Structures are given as structure tokens and as C-alpha cells.
Amino acid sequence: MEINKGILLESGTNELEMVEFSIGQNKFGINVIKVKEIINPVAITQIPHAHQNVEGIIELRGEVLPVVNVAAALGFPPSANPELDKFIVAEFNKQKVVFHVHSVTQIHRISWDQIEKPSDMYQGTDSQVIGVVKINSEMVLLLDFEKIVVEINPDSGINVGQIKKLGKRERSSKKLVVAEDSPLLRKLLSDTLGEAGYEQVEFFENGRDALSYLESVIEAGKDVADVVQLVITDIEMPQMDGHHLTKRIKDDSQLAKLPVIIFSSLITDDLRHKGQMVGADGQVSKPEIAELVLLIDELIL
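Keep in mind it's a predicted model, so treat the numbers as computed, not measured.

What about the overall build of the protein chain?
Across its full length, the protein chain holds nine helices and 15 strands. Here the protein chain has a C-alpha radius of gyration of 20 Å; the compact-globule value for 301 residues is 19 Å, and the two agree. Principal-axis analysis of the C-alpha atoms gives the protein chain an extent of 60 × 45 × 40 Å. The long-range share in the protein chain, meaning contacts at least 24 apart out of those at least 6 apart in sequence, stands at 67%. A total accessible area of about 13900 Å² is found for the protein chain, and carbon and sulfur atoms account for 48% of it.

Structure (C-alpha cells):
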């Protein structure tokens, strides 16, 4: 099943298209933008001493790709009908990964504001769920695929070591606003930006909360540039995505002067133009934290 990228949505509409798949009786979703294709399972070569969630490797059109068992990663039992299973070939964070799931059902077009943030009662930092959406009276869970991959290979995540290579850093009093829904990534960004000298960082769980904060600064009669010097936003977030947040900032005469950097696993050649269309001042692919810090330096120091 080829994913038709011609259906990619306009930038800044706060919508996404989601591939629904199942593990057992449970429904999950992955953003279409991450999906290259969906194939029937092929022979897997097992790798000695691989991570418990990695089934092995496959060859696909000359590329060797790792296969992640999504049921194992979620702590669910194996498929009852393995002959009906599917492989979702995905690309993000500048890498390709194959996710082994039990079935792929359909594609939904939904708005980010239909996606509820998981409650702290069942999310916590160990959860792989980043959002919950109700479709036809069923609950579909949006998974944090970056976290699933970082748990297997920590080096694929944001790494403080990259900042240390930049040498001694001065402390900066500049204030940054960061919109990022993943608790794990908020912690990593806090640590790495602090190491880079940026200690005045305010985090928001989605674009809507970040925008409300910026609008409250204006409503208080302040010049936003005196309070906040730069915004960093992820793209995929419940309630309001990063492209829509960027568009709302750049369309507001009082907020438009704020530099906005999109920092996302979805920055690819195909998608870079979407960030440009909404007026982003820079775009950096996760996990390139050193590149992000150098761009912040360039825009506000």
C-alpha cells in the first residue's frame, strides 16, 4: 500500500492525516507524514543480542532496515493472526524504521484540536501515548514513535554531548518559549538548553497553550520582545500543531517579530516548504540539538 503524498494538507490548517492500525483489539495512529509505505511482512534476519523490541532486519529495495515489534514495545501479546500482520515503513529523525503491527485499517483526516492530551493519571514519562482521539465511538491512541525508537537506541535522541562539543558557553538572560508535547523531550531540551547557557526557558505542552501565553503578554500591555526573545516549536502536538502556531504568530502584527524555530522529527526535504510557507525563521531536524543551539545564537544573541 503506497501512501499518496498528494493528499498532504496545506500548511497551517491544524489538520493531520493519520493511519489507523491495530495491536490486538486496540487502535493506534501514526501521522501519515511519517509513513513511506505499508507492506506485507517479509523474511526477517534476526540479529544476536539485539534490543528486545527489535525483531531483526529486512532488506527493502537495497536498504537494510530495522524491524520494531510494536506489540512488544507496548507490552502487548503477539498477534493472534500473524499471517495478516503488516509492516509500516516510516521515516523521521533522519532515519527509516519498520514498525511491525497487527493490521492497518484506514486513514482519517482529523484536526489536532480533536486530539486530547493524555491525562497524567495514565501518561507519566514512561508512556508512549501522546494523544487520544475519539473516532466513531472508538478511542484511537496516537503513539510517540520517537520515544519508542529512543528507548531502543538512546543515541538517536537529543544528546547533551553535542552541546559540550561547542565549547564553553556564556549564560544568557534571553527567554525562550518552547512548545513540545513529549515529557521526555521537554526534560531533554531543558537539560541541553541549560547546558548551552539558555536557562530562561518556559515550556508548554502544545501550540495552543504557547499561543495563549504569548497573547496574554500582549493583553497585559507589554511589548512581547521585552518578555520573550524566541519561540521553539515541535510540529506534532495535540490541540494545535507547530505549523499552525507559527502561522498564528506570524499573522499577528504584535507577535510577528518573534523569531520562530521549528524543531521536529518531520523536517525533511518534502516538508521544509511547509515551514517556510507559514513563516518559520528556521527549521532543524530532531535530534540535531547543536544545530538548534547555533541557530538560536544566530537569531537572538
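Looking at the pairing of strand E12 (residues 198-204)
Summarising the sheet, strand E11 (residues 172-179) and E12 pair through six bridges and their orientation is parallel. Residue pairing across strands places Ser172 opposite Tyr198, the latter belonging to E12. Note on the crossover from E11 through helix H4 (residues 183-195) to E12: the handedness is right-handed.

Describing the sheet that holds E11
Backbone hydrogen bonds hold the strands of a sheet together, and the pairing may be parallel or antiparallel. Strand order across the open sheet formed by five strands is E12-E11-E13-E14-E15, with parallel pairing between neighbours. Either end of the sheet is taken by a strand with one partner, and the two such strands are E12 and strand E15 (282-285). Looking at each pair of strands side by side, their axes are set apart by 25° on average, direction ignored. Strand direction decides the pairing type here: strand E14 (residues 260-264) and E15, joined by four bridges, are parallel. In the strand pairing of E15, Ile262 is matched with Gln283. Sheet contacts for helix H5 (residues 207-219): E11, E12 and strand E13 (230-233); angle to E11, the most-contacted strand, approximately 135°.

Remarks on helix H9 (residues 289-300)
Taking 1.5 Å as the rise per residue, H9 with 12 residues should run 16 Å; its terminal C-alpha atoms sit 17 Å apart, in good agreement. Within H9, burial applies to Ile289, Ala290, Leu292, Val293, Leu295, Ile296, Asp297 and Ile300.

Section: the nonpolar core
Within the largest apolar cluster, 26 residues are counted, with the highest numbers of intra-cluster contacts made by Phe21, Ile88, Phe99 and Leu143. In terms of residue count, helix H1 (residues 70-74) provides more of this core than any other element does, four residues in total. In contact with Ile88, other than residues within four places in its own chain, are Phe21, Ile30, Val35, Glu37, Ile38, Val97, Val98, Phe99, Val101 and Val104. Residues Leu185, Ala196, Ile289 and Leu292 belong to the second largest nonpolar core, which totals 21 residues.

Digging into unusual backbone geometry
Backbone phi values are negative for most residues with the exception of glycine, while trans is the configuration of most peptide bonds. The residue after Lys286, namely Pro287, is reached through a cis peptide bond having omega 5°. Residue position: Pro287 is located in the loop between E15 and H9. Positive phi is not limited to glycine here, since Asn93 has a value of about 50°. Secondary-structure assignment places Asn93 in the loop between strand E6 (86-92) and strand E7 (95-101). A residue is classified by how much of its surface remains accessible, and Asn93, at 9% relative accessible area, is buried. Its identity as a non-glycine residue notwithstanding, Ser137 has a phi of 65°, on the positive side. Here Ser137 lies in the loop between strand E9 (129-135) and strand E10 (138-143).

Examining the packing of aromatic side chains
This model, assessed by the stated rule, comprises six aromatic pairs. By the ring-pair criterion, three or more aromatic residues cluster together here, those being Phe21, Phe28, Phe76, Phe92, Phe99 and Phe145. One cation-aromatic arrangement involves Lys34 over Phe92; the distance from NZ or CZ to the ring centre is 5.6 Å.

Some remarks on the environment of Gly275
Here Gly275 is to be found in helix H8 (residues 269-277). Residues Gly275 and Gly207, 68 residues apart in the sequence, show an inter-C-alpha distance of 15 Å. Not counting the four nearest positions on each side in its chain, Gly275 is found in contact with His243, Ile262, Ala280 and Gln283.

Scoring rules and cut-offs
- Residues numbered from 1 in each chain as written.
- Predicted model: local features only at pLDDT ≥ 70, side-chain atom pairs only at ≥ 80, totals over all residues.
- Heavy atoms only, no water.
- Helix = DSSP H or I, 4+ residues; strand = E, 2+ residues; numbered from the N terminus.
- Rg over C-alpha atoms; globule rule 2.2 N^0.38 Å.
- Contact = heavy atoms within 4.5 Å.
- Areas by Shrake-Rupley, 256 points an atom, 1.4 Å probe, with all protein chains shown as cover.
- Pairing = 2+ DSSP bridges.
- Right-handed = clockwise from strand over helix to strand, strands pointing away.
- Axes fitted to C-alpha atoms, helices over the stretch in contact; angles between N-to-C directions.
- Expected span 1.5 Å × (residues − 1).
- Buried < 20%, exposed > 50% of the residue type's maximum accessible area, 1.4 Å probe, protein only.
- Core = buried A, V, L, I, M, F, W, Y, C linked by side-chain atoms within 4.5 Å.
- Phe/Tyr/Trp six-rings, centres within 6.5 Å; stacked < 30°, edge-to-face > 60°.
- Lys NZ or Arg CZ within 6 Å of the ring centre and 35° of its normal.

In short, the description is geometric, and any link to function would need to be established separately.
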